[in-house]
Amino acid sequence: MGPWAYYSPLFFGALLVFAMNEPIRGLLVRFPPAAQWAVVASVALVAAIQSQLLMFGAQGAFAQVLPVPVGRSLRGRPAVVAGWLLILWVLLSGTTALLGFEEVTTAAYVTGIAAVAALGLAAGIWIWGWPAAVPDFGRGDGQSQD
């Protein structure tokens, strides 16, 4: 998988928001156009990051592999658990935003706390498993198996 395919959720998440910029800016009619576009760009950035995290979560949950820096991957049960927690984060954070927008504050607080807990647990598992991560390709000494 090349970088264009791997990071495509970033582009598609942002593109989706930019395609819906008119309804978003319609909610902000009191603000000047520059501020409206700043809000659209901020929402696009959040959607891009959420889309990428959802892809990482699916990769962990279903392929049992989570990437860590320097060409290594966390594999097995920690990747599955962290992957499902990332998926839960995306679902609960979106639900929190919708509940907050509808001014259902108690439910928004509860789902928001659960979302942050899911993200924190996923990050903790990812950091804890980092030393045990195995090399993706190669013999483990940085050389390829060509």
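My aim in this report is to walk through the structure given alongside it, one point at a time. All values derive from a computational prediction rather than experimental measurement.

A look at the packing of aromatic side chains
For any pair of aromatic rings, the description consists of the separation of the ring centres together with the inter-plane angle of the planes.
At step 1: Applying the stated rule across the entire model yields two aromatic pairs.
At step 2: When the ring of Phe 62 is compared with that of Trp 84, the centres are 5.3 Å apart and the planes differ by 75°; the resulting orientation is edge-to-face. Here Phe 62 is found in helix α4 (residues 33-63), whereas its partner Trp 84 is found in helix α5 (residues 77-101), with 22 residues between them in sequence.
At step 3: A relative accessible area of 61% means that Phe 62 is categorised as exposed.

Section: the sheet that holds strand β2 (residues 72-75)
For sheets, the rule is that strands pair by backbone hydrogen bonds, running either parallel or antiparallel.
At step 1: The sheet built from three strands is open, its strands ordered β1-β2-β3 with antiparallel pairing. Lying at the two open borders of the sheet, with one neighbouring strand each, are β1 (65-68) and β3 (134-135).
At step 2: Direction of pairing for β2 relative to β3: antiparallel, over a ladder of two bridges. Residue Ser 73 lies in a different strand from β3, and its bridge partner there is Val 134.

Considerations on the nonpolar core
At step 1: Formed by 16 residues in total, the largest nonpolar core has its most connected members in Leu 53, Phe 56, Leu 66, Leu 86 and Trp 89.
At step 2: Of all the secondary structure elements, the ones that give two or more residues to this core are α4, α5 and α6 (105-129).
At step 3: Sort the elements by how many residues they give to this core and α5 lands first, with seven residues.
At step 4: Setting aside residues no more than four positions away along its own chain, Leu 66 makes contact with Phe 56, Gly 60, Ser 73, Leu 74, Ala 79, Ala 82, Gly 83 and Trp 126.
At step 5: Grouped together as the second largest cluster of nonpolar side chains are seven residues, Val 17, Val 40, Ala 44 and Ala 48 included.

A few points about the environment of Val 68
At step 1: With respect to the helices and strands, the residue Val 68 is situated in strand β1.
At step 2: When its relative accessible area of 7% is taken as the criterion, Val 68 is described as buried.
At step 3: Here the alpha-carbon distance between Val 68 and Gly 112, two residues 44 residues apart in the chain, equals 26 Å.
At step 4: Contacts of Val 68, omitting those with residues within four sequence positions, involve Ser 73, Trp 126, Trp 130 and Ala 133.

With respect to the side chain of Ser 73
At step 1: Positionally, Ser 73 belongs in strand β2.
At step 2: A residue is classified by how much of its surface remains accessible, and Ser 73, at 4% relative accessible area, is buried.
At step 3: Dropping the residues within four chain positions of it, Ser 73 is found in contact with Val 65, Leu 66, Pro 67, Val 68, Ala 133, Val 134 and Asp 136.

Topic: the pairing of β2
At step 1: As defined by bridge partners, β1 adjoins β2 across four bridges and the pair is classed as antiparallel. Paired with Leu 66 across the strands is Leu 74, a residue of β2.

Description of the pattern of salt bridges
At step 1: All chains considered together, the criterion is met by one salt bridge.
At step 2: Across the salt bridge formed by Arg 25 and Glu 22, the nearest N and O atoms sit 2.9 Å from each other. Residue Arg 25 and its partner Glu 22 are both found in helix α3 (residues 21-26); the two are separated by three residues, about one turn of the helix.

Scoring rules and cut-offs
- Residues numbered from 1 in each chain as written.
- Predicted model: local features only at pLDDT ≥ 70, side-chain atom pairs only at ≥ 80, totals over all residues.
- Heavy atoms only, no water.
- Phe/Tyr/Trp six-rings, centres within 6.5 Å; stacked < 30°, edge-to-face > 60°.
- Helix = DSSP H or I, 4+ residues; strand = E, 2+ residues; numbered from the N terminus.
- Buried < 20%, exposed > 50% of the residue type's maximum accessible area, 1.4 Å probe, protein only.
- Pairing = 2+ DSSP bridges.
- Core = buried A, V, L, I, M, F, W, Y, C linked by side-chain atoms within 4.5 Å.
- Contact = heavy atoms within 4.5 Å.
- Salt bridge = Lys/Arg side-chain N within 4 Å of Asp/Glu carboxyl O.

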